[in-house]
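The chain contents come next:
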Amino acid sequence: LRIRHGQKEPYGIKTWCLGNEIYGDWEYGHRDAARYGADAREAAKFLKKTDRHAVTILCGCSYNQDWNEKVLEIAWDWTDLLSIHMSANRRGKDYARSGDLLDKYIEETTNTIARVNKRKGGKRQIRLSLDEYFLWDGNEGGADPEYTKGRHILEPVYTVLDAMVLGDLHITMHNHADAVRCANIAQSVNAIAPVRTEKNGMLWHQATFDPLRLACAYGQGTALRLAWSENSADDLRASAVWNEAAGRLAVFMVNRSAQTAHDFKLSVPGSWRVSVSKEVSGDRKAKNGPEAEPVRAKD
């Protein structure tokens, strides 16, 4: 089939997710932790004996450390990464501080990994795969029938508030770069996505597009730990990434308050100049559409 569709050589896939959200009864293949851990262990064993470079991702759960501990205990020796997902609830009262929840998920899960690692002798380092993060409000944008060609499914229109939340999630990932090995937004086009398309071939960018674009463009390198001298309001969040090859320091910042503007001072040793500065801002309810895109990054 692969050759028939124009690909003569194998794709050489190296990274394998061993199931998706298997802890949830909404998923095909749902089972309890003991059964899943054993099944995943055998699948990982097969993959690694077939390709010694294969990277295996065990299905973890952001909010269920009991599940994580049980499956890690069983499949530990054959696991490279543990997956967690982040669904920022657009209707939740703490939505603007979704980055705090992701902080909590990452820290609790890394603590679980550390406990299992200690029992196993402390010889392996398993990190996190944040293989789904997204902004979610249930089912806004259309019903969710079986996949049907041409249907609008789960297509909310995102706002400046959503742009801020997405930026905050990226900052959280930077600040946990020692734990998070990879991260993937779900999805990139149309369904809960920063890019939308229309039947006539038109493509337009949601308010969340530039936070993702800028994170991809400037978030490459080594994440640095920032030292805060004062942040009593807890509205400002920031991260920094040093790209040695480019000689570039990128600083990412969000203000999570819709009412208060905050001044800040950035102190960096040495001699620096600001070569690029981009800002996504505006009324928290402002949004883009196929007719116009007022919410874009501005100099």
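On a predicted model such as this, the values are computed, not experimentally measured, just so you know.

Novice: Mind laying out the layout of surface pockets, listing which residues take part and the relevant values?
Specialist: Empty space among the atoms can be located by rolling a probe the size of a water molecule over them. For the largest pocket, the calculated volume is near 1700 Å³. What lines the largest pocket is a set of 45 residues, among which Val251, Phe252, Met253, Lys278 and Glu279 lie closest to the centre. The set of elements that each furnish at least two residues to the lining of the largest pocket consists of α4 (160-175), α5 (209-218) and β10 (248-255). Classifying every residue of the lining of the largest pocket gives 26 nonpolar, 11 polar and 8 charged.

Novice: Describe empty space enclosed by the protein, with residues and values.
Specialist: As enumerated under the stated definition, the model contains 1 cavity of 30 Å³ or more in all. Here the largest cavity is characterised by a volume of approximately 50 Å³. When residues in the lining of the largest cavity are grouped by element, the largest group, 3 residues, is from strand β4 (residues 127-136). For the lining of the largest cavity, a count of residues per class yields 9 nonpolar, 1 polar and no charged.

Novice: Could you give an account of unusual backbone geometry, with specific residues and numbers?
Specialist: For the peptide bond that leads from Ala186 to Gln187, omega is -5°, which places it in the cis range. Summarising the element assignment, Gln187 is placed in the loop between β5 (180-185) and β6 (195-197). One non-glycine residue, Glu21, lies in positive phi territory at about 50°. With respect to the helices, strands and loops of the structure, Glu21 is situated in the loop between β1 (15-18) and α1 (33-50). The phi dihedral of Leu154 falls on the positive side, at around 55°, and the residue is not glycine. With respect to the helices and strands, Leu154 occurs in the loop between β4 and α4.

Novice: A description of the packing of α4 against α5 should follow, citing residues and the corresponding values.
Specialist: Where α4 meets α5, the closest approach of the two axes is 8 Å, and the angle between their N-to-C directions is 25°. Relative to α5, the element α4 is oriented roughly parallel. Once α4 is placed against α5, the crossing between them reads as right-handed. Residue-level inspection shows Ala163, Leu166, Gly167 and His170 of α4 in contact with α5, the latter providing Pro211, Leu212 and Ala215. Each residue belonging to the contact of α4 with α5 can be placed in one class, and the counts come to 5 nonpolar, 2 polar and no charged.

Novice: I'd like to hear about the packing of α1 against helix α2 (residues 65-75), residue by residue, with values.
Specialist: Axis separation between α1 and α2 bottoms out at 8 Å; the angle between their running directions is 35°. Our pair here, α1 against α2, has a crossing hand that is right-handed. On α2, the residues that touch Ala33, Ala34, Tyr36, Gly37, Ala38 and Arg41 of α1 are Trp67, Lys70, Val71, Ile74 and Ala75. Along the lines of polarity and charge, the residues of the contact of α1 with α2 split into 8 nonpolar, 1 polar and 2 charged.

Novice: Give a description of the pattern of salt bridges that names residues and reports values.
Specialist: Under the definition given, this model contains 29 salt bridges. Residue Arg196 pairs with Glu155 through a salt bridge whose shortest N-O separation is 3.2 Å. On the criterion of sequence distance, the pair formed by Arg196 in strand β6 and Glu155 in the loop between β4 and α4 is long-range, its members being 41 residues apart. Accessibility expressed as a relative area gives 8% for Arg196, which makes it buried. Residue Glu155 is classed as buried on the basis of its relative accessible area of 10%. Close ionic contact of Arg237 with Asp168 constitutes a salt bridge, the shortest N to O distance being 2.8 Å. Within this pair, whereas Arg237 is found in strand β9 (residues 236-243), its partner Asp168 is found in helix α4, the two being separated by 69 residues in sequence. Relative accessible area serves as the criterion here: at 0%, Asp168 is assigned to the buried category. Shared partners join several salt bridges into a network, and the residues in it are Asp100, Asp103, Asp168, Asp234, Arg237 and Arg256.

Here is what the cut-offs are and how they apply
Residues numbered from 1 in each chain as written. Predicted model: local features only at pLDDT ≥ 70, side-chain atom pairs only at ≥ 80, totals over all residues. Heavy atoms only, no water. 1 Å grid on protein atoms, 1.4 Å probe; cavity = no way out; pocket = protein on both sides within 12 Å on 5 of 7 lines; lining within 4 Å. Points joined across faces, edges and corners; volume = space filled by probe spheres on them. Helix = DSSP H or I, 4+ residues; strand = E, 2+ residues; numbered from the N terminus. Nonpolar A, V, L, I, M, F, W, Y, C, P; charged D, E, K, R; others polar. Axes fitted to C-alpha atoms, helices over the stretch in contact; angles between N-to-C directions. Parallel < 35°, antiparallel > 145°, perpendicular 65-115°, else oblique. Left-handed = near helix turned anticlockwise from the far one by under 90°. Contact = heavy atoms within 4.5 Å. Salt bridge = Lys/Arg side-chain N within 4 Å of Asp/Glu carboxyl O. Buried < 20%, exposed > 50% of the residue type's maximum accessible area, 1.4 Å probe, protein only.

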